[in-house]
Amino acid sequence: MRRLLTLLGLHGRHLEGGVFSKVWPFPAVIGSTILIAWATEVAAFFISRGMALAILAFLQVSPEFAVEAVLARNAAHDPTQLQFVTANFTGSNRLLVGAGLPLVFLVGRRVLSRKGRWPGYLPMAGHHSLEVVVLTTSSVYSLLWVVRGGLGLMDTIVLGAMFAFYLFVLWRMPTAEAEDVEVLRGIPRRVMEERSRPFQRNFAIGAFVVGGTVLFLSAEPFVEGMKDLGVWLGVPAYLLLQWVAPLLSEFPEFFTATYWSRQGRAEQAFMNMTASILSQRTLLIAMIPLVFTITHAIEGKAGFAIRFDYQQRIEILLTAAQAIFAAVAMCKFRFLRWEAYALLGLWFFQLFDPAIDPILQHLPSLFGGTDPEGHKIIVREYTTAVFFALTAWDVRLYRREFRVIHNFRGLWRRHVVPPAAG
């Protein structure tokens, strides 16, 4: 081992706490993520599959809630810290939409193509119109923050109501059918085939509780440990901050999505990723003004609204434009290859804007603003414009296939409206 470290140029470097202290959270995160995925599959036979995926998504993003709450509290103390609040929620949202959804598409396409079952696109069932409606509504609503230049308690109420509506409809949806056990594999299938009903229910509840607790406790040590290992291995700080840290914080969602995609269940993986996006676009952001207001009230400060500068407004606008394009792509209930590549390519491109922006300063600013140092935000602005253009192009090409309103109306009448009222 010493000889290997010497060859790598690592012998003699000090890693505080040793390698094991940095690596142990990795199997804990993997194990808890698998356990929660198993709980989701079993729970779908007691509650709707959408509700099970919503619980899974909430547990997966729960570490983000803790981080965002701390950042919002710090920003209430020191307004200069507000940039970190917007950077965290816009960065994580763009990662899930720009990399997560295409990842599911690419893995699902590869697996299903080998089995001769790939139809040329990723299909979505009609009852997922609920997710498309909420994603579209929350994404369009976020444009108001750009216009107003801030967030307030009214946004907490509106976003909280959107999430509550989402859960309410999911709760009224039917559970999985008995024949759906055939698509399960491994532990979930054995639990559903060989165990009693009470055991199955207790397994789902216990796996959610244990897996969620372990994931919550190990997520932060996992991210920090991997970052420390990166520094120890000589990975550049830019690469750590722009790539490694965001990918690690969203690792549970990516692992579960890949896990299901490799089993040939790309649609379930796709909706798991979408549920995580919805949790972050509604409940996570709704928490920010609430924490900000409570902190100000405790300190006896006036003025509870959060105000954004031009750079933060562009970050929010870009995030909204990306999410609107993804939502429009889902409106026809088949996710196409060019849409996946567009999301992935533009997400990949805008990661490098700190290096590209200085070269493009001669281009005109689309919105006439600059960052705090007076530099134009060229890549963010032009990427935002491209997303809006792609959205318009998608609507023009496939508007006759858009069935989201029709499907949602049917879903509402079948599962939400009481029979007497129908």
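Residues numbered from 1 in each chain as written. Predicted model: local features only at pLDDT ≥ 70, side-chain atom pairs only at ≥ 80, totals over all residues. Heavy atoms only, no water.

### Concerning the confidence of the model for the protein
Then comes step 1: Scored by pLDDT, the protein has a mean of 81; 82% of the residues are at 70 or more.
Then comes step 2: Note on residues 1–12: pLDDT under 50 across the span, and seven contacts to partners over four residues away in sequence or across chains. (pLDDT = per-residue confidence, 0-100. Contact = heavy atoms within 4.5 Å.)

### Re the packing of helix α4 (residues 49–77) against helix α5 (residues 82–114)
Then comes step 1: Running from N to C, α4 and α5 point in directions that differ by 155°, and their axes come no closer than 7 Å. Taken as axis vectors, α4 and α5 run roughly antiparallel relative to one another. Crossing of α4 over α5 shows left-handed handedness. Contacts between α4 and α5 pair Glu64, Val67, Glu68, Leu71, Ala72 and Ala75 from the former with Leu82, Phe84, Val85, Asn88, Phe89 and Ser92 from the latter.
Then comes step 2: Here the residues of the contact of α4 with α5 sort into eight nonpolar, two polar and two charged. (Axes fitted to C-alpha atoms, helices over the stretch in contact; angles between N-to-C directions. Helix = DSSP H or I, 4+ residues; strand = E, 2+ residues; numbered from the N terminus. Parallel < 35°, antiparallel > 145°, perpendicular 65-115°, else oblique. Left-handed = near helix turned anticlockwise from the far one by under 90°. Nonpolar A, V, L, I, M, F, W, Y, C, P; charged D, E, K, R; others polar.)

### Structural notes on the packing of aromatic side chains
Then comes step 1: Going through the model one piece at a time under the given rule, you end up with 11 aromatic pairs.
Then comes step 2: Between the aromatic rings of Phe163 and Tyr166, the centroid separation amounts to 6.0 Å while the plane-to-plane angle is 55°, which identifies the pairing as tilted. Of this pair, Phe163 and Tyr166 both sit in helix α8 (residues 153–171), three residues apart, which is roughly one turn of the helix. Per residue, the accessibility class of Phe163 equals that of Tyr166, and both read buried. (Phe/Tyr/Trp six-rings, centres within 6.5 Å; stacked < 30°, edge-to-face > 60°. Buried < 20%, exposed > 50% of the residue type's maximum accessible area, 1.4 Å probe, protein only.)

### Focus: helix α12 (residues 251–262)
Then comes step 1: Here α12 spans 16 Å end to end across 12 residues, near enough to the 16 Å set by a 1.5 Å rise per residue.
Then comes step 2: Regarding α12, the residues found buried are Phe251, Pro252, Glu253, Phe254, Thr256, Ala257, Trp260 and Ser261.
Then comes step 3: Phi turns positive, to about 85°, at Gly264, one or two residues after α12. (Expected span 1.5 Å × (residues − 1).)

### Let's talk about the nonpolar core
Then comes step 1: Counting residues in each nonpolar core, the largest one holds 77 residues, and the members touching the most others are Leu101, Val104, Leu122, Tyr166, Phe270 and Phe335.
Then comes step 2: Setting aside chain neighbours within four positions, we find Tyr166 in contact with Ala54, Leu130, Glu131, Val134, Ala275 and Leu278.
Then comes step 3: Phe65, Leu82, Ile306 and Ile316 belong to the second-largest nonpolar core, a separate cluster that totals 29 residues. (Core = buried A, V, L, I, M, F, W, Y, C linked by side-chain atoms within 4.5 Å.)

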